[in-house]
Amino acid sequence: MKFIRRPDLDPQTRIHIVMLAWLHQGLYGKMTEIANAYRISRTFLYQLLVMATLQLETLFSDDKLLFQKDHRHVESLLFLLRLEGNCSLLSIASILKALEYHPNSVGYLSQFFHNAGQTLPSTLVLPSKKLVFYLSDEIFALHTPILVTIDARSTTILHIELASDRSADTWRAHFEALADHQFFSLGMASDRGLGLVAGYQAACDMALWVADYFHEFRDLFEVLHQLERKAYAAIGQEDDAAHKFARAKSEANLAKRLHQYDTAHHACEQAMALYDHLAMLLHLLREALQLCSPHGRLRTVENVRAELTLLFDMLAALDCAAITHTLKPLRTALDDIVVPFAQAEAIHAELRAVVPHDALDFLVLAWHHDHLVYQSGSKPKRYHQKERDFWLACAEGLLGNEFDPLKALVFDKLDTIVRASSLVEMVNSLIRPYLNSCKGQITQETLNLIMFYHNHRRYKSGKRQGKAPIELLTGEPLEASWWELLRQQINAEPGVTDPRTLPTRPPFQLVTNNEWGTDQQTIASGQAIIAPTDASGRDRRHKDAQAA
């Protein structure tokens, strides 16, 4: 037996079939009689009745289904719930059901988002060559790595993929895919992942690599937290010893308790002193890693190297084994740590040829404080804002009419210096809620949707407020909101159908074969019929019918 199509029914005949079935509902044997007369199956006949009932209820109801009124609105609603609201498929299905939108099954939603994600690329496509500075990292979905690369200045996701592993070969293919899409690397900032660094150096052997400061110094600051906890514990022990001494009565007990208090007090003083010394040295370390000195000069490689070497020696002099152990890799990585200051030296020499020296120092200081405005709390933020405005006013007094173009030039040049890959962690934090909502079972299609959403949504705060990452990358404003652009993107692809038809299938009809010699009645165009493949099959069904 096989299914065949019979494109020989006109709409009027189908209407007539439904009308007869509707009029004879509940009458014994009538459905079988209608099915035999039109050579269709009773299953298909009941399907027609259900479909007709649904259409009539919708037609004569005041509360029509929104999918049938404006499917574009519901597409936008689905994308907003999934991407902007981080809703799981179960939550979206519950919301649609509560609002009486149909279809609202989890299976439909899964297929809808899968089809939408299939139309989107995993690597950003631009019409022309683009020079970018990479920030790369990986995030894990259960035990499967997701490789992410973004542009350092615009935070645009350039490439995101669900990989089989994070080896050097996989990362090399990741960066080569970016090169195939006309992205050329000025450098990359990342942690010291072995596969990541080796893969990048294999794909872009002449480009710059910058060690991420957060990962480089994280262990050292973790030692500070450990010493803080030990200091508080020592304070508690000293306080407890003081209370015990106060409760002592006999002379022997007083001497014993006094000795215990002296021991606790000495240990407390040592713990607090060690914490204070480390905190002070780490504060100086932060200052030494700033690109700008307090006098408005960009720091040089030699000066930074000398300061860091001195600070490392002072840290090693502290009586703490954990600090000594943490310093060993930092001394080895000193050449990588000072790489951004080599960039700063080159940029400073370039700017001094264009901008007057005094005005340049003022503009560098203004840029320094403007950079810190977005990294500080409310009270320090106000301080940095005042300092920025003050040094800008000083520079404007010296430059006059040339202030605006030279300020833009200095700020633009200094913004190209990359010292950390922390912005890619922001993208990882964007992906994490989707991993939680799907319990780690994420697909490449979902990652494509997340990439499109991030690249085309506008920032709500910060120095990029009101701009989408793709706008910052290309310099061209978006013509619509991200959900409208996503709708246009997926509906422009030839393989995507109207979302109202995604979960439906053409109903099947079980009809008798034309070879039986009876005059065939027309059936619905595009419906399937079952026909025997040989004579034995016809005889077997004929015997089964007689037995029934």
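Residues numbered from 1 in each chain as written. Predicted model: local features only at pLDDT ≥ 70, side-chain atom pairs only at ≥ 80, totals over all residues. Heavy atoms only, no water.

1. Observations concerning the overall build of the protein
The helix and strand tally for the protein stands at 23 helices and seven strands. Looking at the protein as a whole, 43% of its 548 residues qualify as buried. Contacts in the protein between residues far apart in sequence, at least 24 positions, make up 68% of those at least 6 positions apart. Within the structure as shown, the protein displays about 29700 Å² of accessible surface, and the carbon and sulfur contribution to it stands at 55%. (Helix = DSSP H or I, 4+ residues; strand = E, 2+ residues; numbered from the N terminus. Buried < 20%, exposed > 50% of the residue type's maximum accessible area, 1.4 Å probe, protein only. Contact = heavy atoms within 4.5 Å. Areas by Shrake-Rupley, 256 points an atom, 1.4 Å probe, with all protein chains shown as cover.)

2. Focus on helix 12 (residues 301–316)
The periodicity of an α-helix, 3.6 residues per turn, causes residues three or four positions apart to be oriented the same way. The end-to-end C-alpha separation of helix 12 is 22 Å, in line with the 22 Å expected for 16 residues at 1.5 Å each. Among all positions of helix 12, only Val-301, Val-304, Leu-308, Leu-311, Phe-312 and Leu-315 are buried. Projection of helix 12 onto a plane perpendicular to its axis shows the buried side chains occupying an angular sector of 105°, all on one side. Exposed residues pointing more than 90 degrees away from the buried face of helix 12 are listed as Glu-302 and Leu-310. Where the residues of helix 12 are buried, they touch helix 10 (213–247), helix 11 (251–288), helix 13 (321–332), helix 14 (334–337) and helix 15 (339–352). (Expected span 1.5 Å × (residues − 1). Arc of directions from axis to C-beta.)

3. Examining the environment of Glu-138
Tracing the backbone through its elements, the reader meets Glu-138 in strand 2 (residues 130–141). Judged by its relative accessible area of 13%, Glu-138 is buried. Counting along the chain gives 25 residues from Glu-138 to Ala-163, while the straight-line C-alpha distance between them is 9.8 Å. Of the polar contacts made by the side chain of Glu-138, one reaches the side chain of Arg-166; its length is 3.4 Å. (Polar contact = N/O pair within 3.5 Å; in protein donor to acceptor, adjacent residues only side chain to side chain.)

4. Focus: the packing of helix 8 (residues 168–180) against helix 9 (residues 194–203)
Contact geometry for helix 8 and helix 9: axes closest at 7 Å, N-to-C directions at 45°. On the basis of the axis angle, helix 8 is oblique to helix 9. The two elements helix 8 and helix 9 meet at a crossing, and its hand is right-handed. Contacts from Ala-168, Trp-171, Arg-172, Phe-175 and Glu-176 of helix 8 reach helix 9 at Gly-195, Leu-196, Ala-198, Gly-199, Tyr-200, Ala-202 and Ala-203. Classifying every residue of the contact of helix 8 with helix 9 by side-chain character gives eight nonpolar, two polar and two charged. (Axes fitted to C-alpha atoms, helices over the stretch in contact; angles between N-to-C directions. Parallel < 35°, antiparallel > 145°, perpendicular 65-115°, else oblique. Left-handed = near helix turned anticlockwise from the far one by under 90°. Nonpolar A, V, L, I, M, F, W, Y, C, P; charged D, E, K, R; others polar.)

5. Digging into the nonpolar core
Residues Leu-78, Phe-79, Tyr-134, Ile-146, Ile-442 and Leu-486 are the most contacted members of the largest nonpolar core, which totals 71 residues. Of all hydrophobic cores here, the second largest spans 53 residues; its members include Ile-337, Leu-363, Trp-391 and Ala-395. (Core = buried A, V, L, I, M, F, W, Y, C linked by side-chain atoms within 4.5 Å.)

6. Topic: the side chain of Ser-190
Among the secondary structure elements, Ser-190 is positioned in strand 5 (residues 183–190). With sequence-adjacent residues up to four places away left out, Ser-190 is seen in contact with Ser-136, Leu-196, Val-197, Trp-209, Val-210, Ala-211, Asp-212 and Ser-421.

7. A look at the pattern of salt bridges
Per the stated rule, a full pass over the model turns up 19 salt bridges. Taken together, the shared-partner salt bridges connect Glu-75, Glu-484 and Arg-487 into one network. (Salt bridge = Lys/Arg side-chain N within 4 Å of Asp/Glu carboxyl O.)

8. Section: the sheet that holds strand 2
Strand order in the open sheet formed by five strands is 4-3-2-5-6, with mixed pairing between adjacent strands. Looking at strand neighbours, the two that pair on one side only are strand 4 (157–162) and strand 6 (208–211), the edges of this open sheet. Adjacent strand axes in the sheet meet at a mean angle of 25°, parallel and antiparallel pairs treated alike. Two strands pair when backbone bridges link them, and strand 3 (residues 144–151) and strand 4 are joined in this way by five bridges, in the antiparallel orientation. Each residue of the ladder has a partner; that of Ile-146, found in strand 4, is Leu-162. Here helix 9 sits on the sheet in contact with strand 2, strand 5 and strand 6, set at roughly 150° to strand 5. (Pairing = 2+ DSSP bridges.)

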